[in-house]
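# Overview (structure and organization)
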Amino acid sequence: MRFRAKIVDLACLNHFSRIINTIAKLAKTCILRLTVCKLYFILSDKVANGGASMWCELSQGNFFDEFQMEGVAAEHNEIYLELVPENLSRALKTAQNAKAVKIKLTNKHCPCLSVAVELPSLSSSSRIVTHDIPVGVIPRRMWNDFREPSVPDFDVSIYLPALKTMKSVVERMKNLSNFIVIEANLSGEMNLKIETDLVSVTTHFKDLGNPPWASEDGYQSSAQDRDLESMAEACIDIKKLQQLLAGQQVNPTKALCNIVRKRIVHFILLHEEVSLQYFIPAVA
């Protein structure tokens, strides 16, 4: 099992660093799955137990100048590692103006991802700062626990309003309640609602648009016979939503959410070569 990669391009390095920061805000520990073409960051708290789950996918070719890996076996050419993303985020913070960053799977007392940051220096030799991040190697028999979560058959799919706007609304509401209701329809309308014994607050968004799949393919066979104005809603933990919005540094070109009435809200943030999915289960 071997892995080594190198980033030289500063823009790619900073972009990669922002994605890791986002992941560190969403997950205390996560699984890093390495394949020949892609990297995946996976958080699979069991949704049944009220945990959120995350699936973030990036194409390695868009970030790394060199990327070599040999998986566990020829027919299973993948590596699954458990790590604390905050540690990786910290290591990358030291690389803001690095000449290059090398990441390598090593074994120093325990398996580590060694991040070697080559910093510019005044003399001809460059300085290299190495961070060893302990990782756990996930055995082959457990890989199935980290498969891509299936997208539930949703009632409504809608584009999100500007995430900054949504973030400031949610931050104000978070002081009033622990739960927030998200509701939307197939006419591009979405509401964020808080209801407590003392106060009821609703923020309305309209003309958001619905993704084309919301009506075309079999996904939404029921949409044809449904009232486009009728709202599908789910009540979720406001802290989990705030975490997603506050930690968000992917700067998506598209952001949308799918609502399964009273069951789950599924967020998708897309930015060229990165996709981040986040699932927040509804509370009864």
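It should be emphasised that the depicted structure is a prediction, and the values quoted were computed from it without experimental measurement.

### A few points about the overall build of the protein chain
Counting its secondary structure elements, the protein chain contains four helices and 18 strands. By the compact-globule yardstick of 19 Å for 284 residues, the protein chain fits well, its C-alpha radius of gyration being 21 Å. The dimensions of the protein chain, computed from C-alpha atoms along their principal axes, are 65 × 45 × 30 Å. Sorting the 284 residues of the protein chain into buried and exposed places 49% on the buried side. Of the contacts made within the protein chain by residues no fewer than 6 positions apart, 64% connect residues no fewer than 24 positions apart.

### A few points about unusual backbone geometry
Even without being a glycine, Asp207 presents a positive backbone phi close to 55°. Here Asp207 falls in the exposed class, since its relative accessible area comes to 69%. Positive phi, normally seen in glycine, also occurs at Lys262, with a value near 60°. Topologically, Lys262 is positioned in the loop between strand 16 (254-260) and strand 17 (264-271). By relative accessible area, which is 60% here, Lys262 ends up exposed.

### Concerning helix 3 (residues 163-174)
Spanning 12 residues, helix 3 covers 16 Å between terminal C-alpha atoms, matching the ideal 16 Å at 1.5 Å per step. Regarding helix 3, the residues found buried are Leu163, Met166, Val169, Val170 and Met173. Looking straight down helix 3, one finds its buried side chains confined to an arc of 125°; they lie on one side. When the buried face of helix 3 is taken as reference, the exposed residues oriented beyond 90 degrees from it are Lys164 and Arg172. Packing partners of the buried residues in helix 3 comprise strand 12 (179-184), strand 13 (190-195), strand 14 (200-205), helix 4 (238-246), strand 16 and strand 17.

### What to know about the confidence of the model for the protein chain
Mean pLDDT for the protein chain: 90, with 93% of residues reaching 70 or above. Taken together, the stretch residues 216-223 has pLDDT below 50 and engages in 12 contacts with residues farther than four places along the chain or on a different chain.

### With respect to the packing of helix 3 against helix 4
Here helix 3 crosses helix 4 at 145°, and the two axes come no closer than 9 Å. Here helix 3 and helix 4 pass one another in a crossing that is left-handed. Residues Leu163, Met166, Lys167, Val170, Glu171, Met173 and Lys174 of helix 3 form the contact with helix 4, whose own contacting residues are Ile238, Leu241, Gln242, Leu245 and Ala246. Partitioning the contact of helix 3 with helix 4 into residue classes produces eight nonpolar, one polar and three charged.

### Quick word on the sheet that holds strand 9 (residues 127-134)
Pairing in this open sheet of five strands is antiparallel, and the strands run 5-1-7-8-9 from one edge to the other. The open sheet is flanked by strand 5 (66-70) and strand 9, the only strands paired with a single partner. Strand after strand, the sheet turns through a mean of 20° between neighbouring axes, direction not considered. Sheet topology note: the strand 7 (residues 100-108)/strand 8 (residues 110-119) ladder contains nine bridges and is antiparallel. Its bridge partner lying in strand 8, Asn107 is registered against Pro111. The strands touched by helix 2 (residues 85-93) are strand 7, strand 8 and strand 9; relative to strand 9, the strand with the most contacts, the crossing angle is about 175°.

### Thoughts on the packing of helix 1 (residues 10-26) against helix 2
Contact pair helix 1 / helix 2: the axes reach a minimum separation of 8 Å and the direction vectors enclose 150°. Looking at the two axes, helix 1 sits roughly antiparallel to helix 2. Helix-helix and strand crossings are classified by hand; for helix 1 and helix 2 the assignment is left-handed. Touching Leu13, Phe16, Ser17, Ile20, Asn21, Ile23 and Ala24 of helix 1 are Pro85, Glu86, Leu88, Ser89, Leu92 and Lys93, all from helix 2. When its residues are assigned to classes, the contact of helix 1 with helix 2 shows eight nonpolar, three polar and two charged.

### Observations regarding the packing of aromatic side chains
Taken as a whole and assessed by the stated rule, the structure comprises seven aromatic pairs. Look at Phe16 and Phe64: their rings are 5.4 Å apart centre to centre, the planes differ by 70°, and that puts the pair in the edge-to-face class. Of the two residues, Phe16 is situated in helix 1 and Phe64 in the loop between strand 4 (53-59) and strand 5; the sequence distance between them amounts to 48 residues. Look at Phe16 and you get buried, because its relative accessible area is 2%. Phe64 gets classed as buried once you look at its relative accessible area, which sits at 8%. Above the plane of the ring of Tyr40 lies Arg33, whose end atom (NZ or CZ) is 4.4 Å from the centre.

What counts and what doesn't
Residues numbered from 1 in each chain as written. Predicted model: local features only at pLDDT ≥ 70, side-chain atom pairs only at ≥ 80, totals over all residues. Heavy atoms only, no water. Helix = DSSP H or I, 4+ residues; strand = E, 2+ residues; numbered from the N terminus. Rg over C-alpha atoms; globule rule 2.2 N^0.38 Å. Buried < 20%, exposed > 50% of the residue type's maximum accessible area, 1.4 Å probe, protein only. Contact = heavy atoms within 4.5 Å. Expected span 1.5 Å × (residues − 1). Arc of directions from axis to C-beta. pLDDT = per-residue confidence, 0-100. Axes fitted to C-alpha atoms, helices over the stretch in contact; angles between N-to-C directions. Left-handed = near helix turned anticlockwise from the far one by under 90°. Nonpolar A, V, L, I, M, F, W, Y, C, P; charged D, E, K, R; others polar. Pairing = 2+ DSSP bridges. Parallel < 35°, antiparallel > 145°, perpendicular 65-115°, else oblique. Phe/Tyr/Trp six-rings, centres within 6.5 Å; stacked < 30°, edge-to-face > 60°. Lys NZ or Arg CZ within 6 Å of the ring centre and 35° of its normal.

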